[in-house]
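# Descriptive analysis of the structure
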Amino acid sequence: MPAPRTLPWPLVALFAAGYLAPYLLPTTVGRLSSGLPLTATQAGAIGSALLLSSATAGFLLASRVDRIGARTLARTGLALVVLGYGGAALTTVVPAVVAGAVLGGLGSGTVTAVAASGIAAQRDPHRVTTLGLLGVSALAGVLYLAIPRLGPGHGLPLAAIALTALAVWPLTARLSGRTSPARSASVPHGRLPHLRAGLLLAAALPCWSLAQNSLWGVSGRIGLAQAHLTEVGVGAVFALALGAGLLGVLGAGVLGSRLGRALPIGAGTALIAGCIALSASARDLSAFAAGEISWNLLYPVVLSYVLGLAASLDPRGRWAVLVGSASSLGTAAGPLAGSVLASGVGFPVMGEVLAAGLLLIAVPMTAVALRTGRRPLPVTDLPVVELPVETPAVRAQKAYDTASPANS
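Residues numbered from 1 in each chain as written. Predicted model: local features only at pLDDT ≥ 70, side-chain atom pairs only at ≥ 80, totals over all residues. Heavy atoms only, no water.

Working note: a packed helix pair is described by the angle between its axes plus the distance between those axes. Viewed as axis vectors pointing N to C, helix α12 (residues 262-280) and helix α15 (residues 347-371) meet at an angle of 180°, and their least axial separation amounts to 8 Å. Of the possible angle classes, the one that applies to α12 and α15 is roughly antiparallel. Partitioning the contact of α12 with α15 into residue classes produces 19 nonpolar, 4 polar and no charged. (Axes fitted to C-alpha atoms, helices over the stretch in contact; angles between N-to-C directions. Helix = DSSP H or I, 4+ residues; strand = E, 2+ residues; numbered from the N terminus. Parallel < 35°, antiparallel > 145°, perpendicular 65-115°, else oblique. Nonpolar A, V, L, I, M, F, W, Y, C, P; charged D, E, K, R; others polar.)

Bringing helix α10 (residues 195-226) into the picture now. A rise of 1.5 Å per residue sets the reference length of α10, with its 32 residues, at 46 Å; its end C-alpha atoms lie 45 Å apart and thus fit the reference within 8%. A maximum bend of about 50° is found in α10 at V218. Positive phi shows up at H228, right after α10, with a value of about 60°. (Expected span 1.5 Å × (residues − 1). Bend = angle between axes of the 7 residues up to and from the residue.)

What follows deals with empty space enclosed by the protein. Picture a little ball the size of a water molecule; that probe, rolled over the atoms, points out where space is still empty. Considering all chains together, one arrives at 1 cavity of 30 Å³ or more under this definition. Volume-wise, the largest cavity comes out at about 40 Å³. Lining the largest cavity are L25, T28, L32, I46, G47, L50, A88, V97, A101 and L158. If you list the elements that add at least two residues to the lining of the largest cavity, you get α2 (25-35), α3 (40-61) and α6 (94-120). Each residue belonging to the lining of the largest cavity can be placed in one class, and the counts come to 8 nonpolar, 2 polar and no charged. (1 Å grid on protein atoms, 1.4 Å probe; cavity = no way out; pocket = protein on both sides within 12 Å on 5 of 7 lines; lining within 4 Å. Points joined across faces, edges and corners; volume = space filled by probe spheres on them.)

Glancing now at the side chain of T27. Residue position: T27 is located in helix α2. T27 has contacts with Y144, P157 and E231, leaving out every residue within four places of it along the chain. (Contact = heavy atoms within 4.5 Å.)

A separate point is the pattern of salt bridges. Enumeration over the complete set of coordinates arrives at 1 salt bridge. One salt bridge connects R31 with E231, and the closest N-O pair in it is separated by 2.9 Å. Residue R31 is found in helix α2, and its partner E231 is found in helix α11 (residues 231-255); the two are separated by 200 residues along the sequence. Residue class for R31 comes out buried when judged on its relative accessible area of 4%. For E231, a relative accessible area of 29% corresponds to the partly exposed category. (Salt bridge = Lys/Arg side-chain N within 4 Å of Asp/Glu carboxyl O. Buried < 20%, exposed > 50% of the residue type's maximum accessible area, 1.4 Å probe, protein only.)

On average, residues of the protein score 79 in pLDDT, and 79% of them are at 70 or above. Counting contacts from residues 179-189, a segment whose pLDDT is below 50, to residues more than four positions away or on other chains yields 20 contacts. Every residue in residues 375-408 is under pLDDT 50, and counting partners more than four places away or in other chains gives 64 contacts. (pLDDT = per-residue confidence, 0-100.)

On the surface, L52, F59, L60 and L329 cluster together into a nonpolar patch covering about 360 Å² of accessible area. No other element matches α3, which puts 3 residues into the nonpolar patch. Tracing the chain through its elements places L60 in helix α3. (Patch = residues over 30% accessible without salt bridge, like charges linked within 9 Å, V, L, I, M, F, W, Y side chains within 5 Å. Areas by Shrake-Rupley, 256 points an atom, 1.4 Å probe, with all protein chains shown as cover.)

See the structure below:
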């Protein structure tokens, strides 16, 4: 899709619609557990199935959006979102809810793939991604405040995702049939450079993401059952935490390469471990809010440096794609892992286990960052975008190399 002079609002809207389901995961899992004959572990498993379905669609479609057509694929994804989540919201039959969540997850992943591919082809992908993050965070924050006031039941968060997809549908008319025609031809299939460092980072990221999303998947239950908050209070904390996440996204862009990579990745992961332990052991509003808000502030900062590190290992962006995909697997397994741990050992011990795991994972991640610290930080998209981006600076350098007499 050629970079327009005006902002590509259809892509921003698709981005928000695709990422809304993961953002609403805590309230979705909590309401599945309270509104249906499901244990907390079973509800967490449905959340994991939803995310795994979404990640699978992204893996399959990341390089095929242009071939199929952005408009066609976006409408297909939105239709799956409406049918899947909408159907799950309207029934209390557990197998039907599970099937709807999986179908909706496929739709979310499809929509996200279209949005990410289109954003990567923009002249300023960083700006468009920031707008998408602002949109989904603001929408999720409003829903966290509104859903508890609309009544009980498992269907409200699912219906909100489906209605968002319906609202976005008219904007797909402005999508073209293609996103970035030259992308697939520009990526060679040669041997990956820096194989050991890349494999180490790709192996660490699923564990890193799993720890983060194990907490996120049960955070609602921690606030209700252990911190003794109302659903309204938990929603307010999550809304503030999402706002802190926006500050983290902006802060990562401001910091840039000033601190290198090793310090933000190593020290940032250690701080996140402390936030997870604090949140999981919280027994009142102040501790719960401090843990959740601090964690949401730090998480996007660290992940942006991790993806920047992955991109530096291969200028073609292949390691960035692989590491982002590995991170998605950990994200999908998080809700189930958190539910199993919490049911088996309780929230405080779960937090301690996750924190200890993060501290261990921080060691190889920091080692890779130190080993590759002399490579310049590339301009990359924000954490949630898992596709390599050809930035204006890269395109300008390619044009210069082609036109230079020394290269002719």
